[in-house]
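Single-letter residue listing:
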Amino acid sequence: MNKSDLRLYLVTDRGNLSEQDFLTQIEQAILGGATCVQLREKEMSGRSFYQLALQVKAVTDRYGVPFLINDRLDIALAVDASGVHLGQSDLPVAVARQILGPNKLVGISAKTVAQALAAQIGGADYLGVGAMFPTTTKVITQETTRETLKVITETVKLPVVAIGGISKANSHQLIGTGITGIAVVSAIMKSSHPRNVAAELSQIPF
Ligand code: TZP
Ligand code: MG
């Protein structure tokens, strides 16, 4: 994976969007500057997740953008996605790496330096670190401080993507932390101008 692929990482949330509007939202985000897409659906049956993944992959393939699946290695393999994104309660990174082989991406969510180092040792390709700001997309027990984010980027060799409550209004606070990019859900998925928002978020000089 090129580091530039992590510059503006769109994590999806279908919310109340119709399937067509959902796919259009993703396409507009890519046209605006999203460099990577992760399909994240927590409440979907395997069959529906698989079918939606095929549809999203058709969009990301059209633009040559990496496509990752949250949590589900089986779905990632079934649709030949670029890789998976796993949290601390999911399969261990080394196991995922063994199953997926060297050519697929494995991203890991880390909140601490210890988790970040463990992910690096286990063979992760990149880290997602957060939540950096308050968010309603996910239940967060404790936000990650800017200082912790900075220590992680200085300690691990892996590219780091910041996540959690990131918007145009606060993203400049992450400049100078050593991150490679930002990951956003609602800033783009809930926007009525996803292309414009993506264009602005993709220009921030981290
Ligand atoms: N992991 C940490 S915070 C978060 C995830 C998936 C949600 C980010 O969503 P938003 O809407 O960009 O705050
Ligand atoms: Mg997970």
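Since the structure is predicted, the reported quantities are computational estimates derived from the model, not experimental observations.

Rules and cut-offs
Residues numbered from 1 in each chain as written. Chains lettered and ligands numbered in written order. Predicted model: local features only at pLDDT ≥ 70, side-chain atom pairs only at ≥ 80, totals over all residues. Pairing = 2+ DSSP bridges. Helix = DSSP H or I, 4+ residues; strand = E, 2+ residues; numbered from the N terminus. Axes fitted to C-alpha atoms, helices over the stretch in contact; angles between N-to-C directions. Near = placed C-beta within 6 Å. Nonpolar A, V, L, I, M, F, W, Y, C, P; charged D, E, K, R; others polar. UniProt positions renumbered as here; feature names shortened; annotations may be inferred. Contact = placed C-beta atoms within 7 Å. Buried ≥ 20, exposed ≤ 12 C-beta atoms within 10 Å, placed from the backbone. Parallel < 35°, antiparallel > 145°, perpendicular 65-115°, else oblique. Left-handed = near helix turned anticlockwise from the far one by under 90°.

## Some details on the sheet that holds strand β6 (residues 126-130)
The parallel closed barrel is built from eight strands, whose spatial order is β1-β2-β3-β4-β5-β6-β7-β8. With strand direction ignored, the average angle separating the axes of adjacent strands in the sheet is 25°.

## A few points about the site of ligand 1
Close to ligand 1 lie 14 residues, the nearest being Thr-135, Thr-137, Gly-164, Val-185 and Ser-186. Grouping the amino acids of the shell around ligand 1 by side-chain chemistry returns seven nonpolar, six polar and one charged.

## Topic: the UniProt feature "binding site: Mg(2+)" (unreviewed entry) in the protein
Under the local residue numbering, the UniProt record ascribes the feature "binding site: Mg(2+)" (unreviewed entry) to Asp-71 and Asp-90. With the annotated positions falling across 20 residues, the maximum pairwise C-alpha distance of 6.6 Å places them together in a single cluster. Tracing the backbone shows Asp-71 in the loop between β3 (67-70) and α3 (73-78). Not counting residues up to four positions away in its chain, the partners in contact with Asp-71 are Leu-86 and Asp-90. Along the chain, Asp-90 falls in the loop between β4 (83-86) and α4 (93-100).

## Considering the environment of Ile-188
With respect to the element layout, Ile-188 can be found in helix α7 (residues 186-189). Owing to 26 C-beta atoms within 10 Å, Ile-188 belongs among the buried residues under this scheme. Taking C-alpha positions, Ile-188 is 8.8 Å from Ser-167, a pair spaced 21 residues apart along the chain. In this structure, Ile-188 is in contact with Leu-10, Ala-29, Pro-194, Val-197 and Ala-198, ignoring residues within four places of it in sequence.

## Concerning the packing of helix α5 (residues 113-122) against helix α6 (residues 146-155)
The contact between α5 and α6 brings their axes to 9 Å, and the two run at 30°. It follows that α5 is roughly parallel to α6 by the angle criterion. By crossing handedness, the relation of α5 to α6 is classed as right-handed. Along the contact surface, α5 presents Val-113, Ala-116 and Leu-117, while α6 presents Val-151, Ile-152 and Thr-155. Of the residues assigned to the contact of α5 with α6, the class counts are five nonpolar, one polar and no charged.

## A few points about unusual backbone geometry
The omega angle of the peptide bond from Gly-130 to Ala-131 is 10°, so this bond is cis rather than trans. Relative to the assigned elements, Ala-131 resides in the loop between β6 and α6. The backbone of Asp-71 shows a phi angle near 75°, a positive value even though the residue is not glycine. Among the residues examined, Asp-71 registers 19 C-beta atoms within 10 Å and is labelled partly exposed. If you check the backbone angles, Asp-80 has positive phi at about 55° while not being a glycine. With respect to the helices and strands, the residue Asp-80 is situated in the loop between α3 and β4.

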